[in-house]
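Chain and residue survey
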Amino acid sequence: MTARAEGKRRLAWTEVRVDVPRGWHEVVAEALIFGPCTSVTLGTTSLAARQPGPDEEAVRSFVLEGDDTPALRAEVEQRLRGLEERVNDPELTGLEVHFKRLPPEDYATSWRKDWKPFRVGRLALLPPWYESDPPRAADVRLTIEPVGSFGSGRHATTRTCLRALSRRIQGGERLLDAGAGSGILSVGAALLGARETYGFDLDPASKPTADLLAQDNGVEERCAFREGDFRRLEEVEGLFNVVCANIYADVLMTHAHDLAQRLAPDGWFCFSGCRFDHVDATRRSIVEAGLRIDEEHLLGRWMTFVGRPA
Amino acid sequence: MAKELTGKIKLQCPAGQATPAPPIGPALGAHGVNIAEFVKQFNDRTRDQMGMILPVEISVYKDRSFDFILKSPPAAVLLKKAAGVEKGAGEVGTQIVGSVTREQVEEIAKIKMNDLNARDLDQACRIIAGTARSSGITVED
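This one's a predicted model, so the numbers in the text were calculated from it and none came from an experiment.

1. Observations concerning the pattern of salt bridges
A full pass over the atoms with the stated rule returns 31 salt bridges over all chains. Among the ionic pairs, Asp55 of chain A bridges to Arg22 of chain A, the shortest N-O distance being 3.7 Å. In this pair, Asp55 of chain A sits in the loop between β2 (40–42) and β3 (56–64) while Arg22 of chain A sits in the loop between β1 (13–21) and α2 (25–32), placing the two residues 33 residues apart along the sequence. A salt bridge links Glu84 of chain A to Arg81 of chain A, with the shortest nitrogen-to-oxygen separation between them at 3.0 Å. Linking Glu84 of chain A with Arg81 of chain A, this pair stays in helix α3 (residues 70–87), spanning 3 residues, or about one helical turn. Relative accessible area serves as the criterion here: at 34%, Arg81 of chain A is assigned to the partly exposed category. Each of Arg22, Asp55, Asp89 and Glu91 of chain A together with Arg119 and Arg126 of chain B takes part in a single network of salt bridges with overlapping partners.

Take a look at the structure:
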């Protein structure tokens, strides 16, 4: 993008702020939403901003610099006075409005500055807008758009699983991914050389997200994702060289045996999602399922188990 | 996977028409959230309520992922429904368009109690009654 185009997209805004008595934000917000003011936010963006009084809430709307005219400011004042008059409640009187010019910003893209590439083992996790080569020539690029509730590979459990895959995948493996989420473990494994992956997840948003991640990384023909619970295992035949499960400890404990049954005799597993206070019970379930734990990795509050059939 | 909550953001946005512009941009951008993705998900989920301003609460987690819930409809919408009117009094609210009973006000106050963060039911009732007057709806005893 040229500097000129960049400049065009960086628009200046004026903040329209009213501190309102607790509970009254909704009715004040309604008065502030008109014409160029299309939405409001409650609260302040940071502790550095001026904080409202102890029993007050900040209601903020925004207008483009060009719409911030004396007429608009007068209308805001008028709407607040009219509101006070109509509501006629002693709590809602003397509302003050503050206008503050904000520096130009392209909000559609400025949030990206916080998303730096990061490396997990041999994998370099990069956002789609990162056009340069991965930080190291040997890195395997995994392109991931930070979306919604599935995150972007930064969660401690995901990172530990990716690290295990990065260390252990030799090439040609068949991988099972229980609780696939964004599909990052399957896609990461495929990029590292796995021949075929099969993932399932209860969350209906998982399959479309994971399919897209596989497409974005050019491994969609090797990665299959399904919506559903452990009954999905009945649909797929044979054993897997690698079994991954990044799921809650209670689910893992319930289904450790199902997962163990699908693990090839020379295969290995990586189970994560176990909070530190569930470690003992989870470890016991894994062993009782006929598996042997070779490695335990605690990252933050989360434990990951790596091992093989006993 | 359980995640560590780092922030909650409250907005009121037009259903199906949110954009990355303020207040969404600066509010979410301060937490490093993918604004385009929130806008897309919000608009997809609210398209069938076009024309309404919807309260939404966004939870942002340590890994900068997010999810959001749509809160109870604005009190003005509930009041109009209770009064059986299509629209409120419009711009200046001088026109009386309908009425609700004290019981209806209390019922709405109970629904909105948490979202309003009111001190008690009495204050919530006063806020709802004030919202009614602001919308051209009278409260009858």
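Following the structure, the description resumes.
2. What about the confidence of the model for chain B?
Counting all residues, the mean pLDDT for chain B is 85, and 93% of those residues have values of 70 or more. Scored as a complex, the prediction yields pTM 0.71 and ipTM 0.81.

3. Details of the domain arrangement of chain A
As assigned here, chain A comprises domain 1 (9–111) and domain 2 (151–309). In this structure, domain 1 of chain A and domain 2 of chain A have C-alpha centres spaced 47 Å apart.

4. Some details on the packing of aromatic side chains
As enumerated under the stated definition, the model contains 6 aromatic pairs over all chains in all. Looking at Arg168 of chain A, its charged tip hangs above the ring of Trp268 of chain A, at a distance of 5.1 Å from the centre.

5. Focus: the confidence of the model for chain A
Summarising the model, chain A shows a mean pLDDT of 88, and 95% of its residues fall at 70 or more. Within the model, the stretch residues 1–8 of chain A combines pLDDT values under 50 with 2 contacts to residues more than four positions away or in other chains.

6. Things to note about the sheet that holds strand β7 (residues 140–143) of chain A
Residue and element names in this part refer to chain A. Here we have 3 strands laid out as an open sheet, ordered β5-β6-β7, and mixed in their pairing. Either end of the sheet is taken by a strand with one partner, and the two such strands are β5 (118–120) and β7. Between one strand axis and the next, the sheet turns by 30° as a mean value, whatever way the strands run. Note that β5 and strand β6 (residues 123–126) share 3 bridges and pair antiparallel.

7. A few points about the interface of chain B and chain A
Residue-level contacts link 52 residues of chain B with 48 residues of chain A. Taken together, the two surfaces of chain B and chain A that pack against each other cover about 4300 Å², and 52% of this comes from carbon and sulfur. Where chain B packs against chain A, one counts 5 salt bridges. Here Arg126 of chain B makes a salt bridge to Glu91 of chain A, at a shortest N to O gap of 3.4 Å.

8. Focus on the sheet that holds strand β2 (residues 53–61) of chain B
Across the sheet, which stays open at both edges, the 7 strands sit in the order β4(A)-β1(A)-β3(A)-β2(A)-β1(B)-β2(B)-β3(B) with antiparallel pairing between neighbours. Of all strands in the sheet, those bounded by a partner on one side alone are β4 (97–101) of chain A together with β3 (66–70) of chain B. Strand after strand, the sheet turns through a mean of 25° between neighbouring axes, direction not considered. Seen against the sheet, α2 of chain A touches β1, β2 and β3 of chain A together with β1 (5–14) and β2 of chain B and runs at an angle of roughly 150° to β1 of chain A.

9. A closer look at the pairing of β1 of chain B
Sheet analysis places β2 of chain A next to β1 of chain B, joined by 3 bridges and oriented antiparallel. In the sheet register, Leu42 of chain A faces β1 of chain B, and the bridge partner there is Lys10 of chain B. When β1 of chain B meets β2 of chain B, the two strands line up antiparallel, connected through 9 bridges. Paired with Pro14 of chain B across the strands is Ile53 of chain B, a residue of β2 of chain B.

10. Some remarks on the side chain of Asp177 of chain A
Considering the arrangement of structural elements, one finds Asp177 of chain A in strand β8 (residues 174–178). Of the side chains with opposite charge, Arg226 of chain A lies nearest to the buried Asp177 of chain A, which makes no salt bridge, at 12 Å.

Calculation notes
Residues numbered from 1 in each chain as written. Chains lettered and ligands numbered in written order. Predicted model: local features only at pLDDT ≥ 70, side-chain atom pairs only at ≥ 80, totals over all residues. Heavy atoms only, no water. Salt bridge = Lys/Arg side-chain N within 4 Å of Asp/Glu carboxyl O. Helix = DSSP H or I, 4+ residues; strand = E, 2+ residues; numbered from the N terminus. Buried < 20%, exposed > 50% of the residue type's maximum accessible area, 1.4 Å probe, protein only. pLDDT = per-residue confidence, 0-100. Domains from an automatic or database assignment. Phe/Tyr/Trp six-rings, centres within 6.5 Å; stacked < 30°, edge-to-face > 60°. Lys NZ or Arg CZ within 6 Å of the ring centre and 35° of its normal. Contact = heavy atoms within 4.5 Å. Pairing = 2+ DSSP bridges. Axes fitted to C-alpha atoms, helices over the stretch in contact; angles between N-to-C directions. Buried area = accessible area lost by both parts, 1.4 Å probe. Lys, Arg positive; Asp, Glu negative; His and termini not counted.

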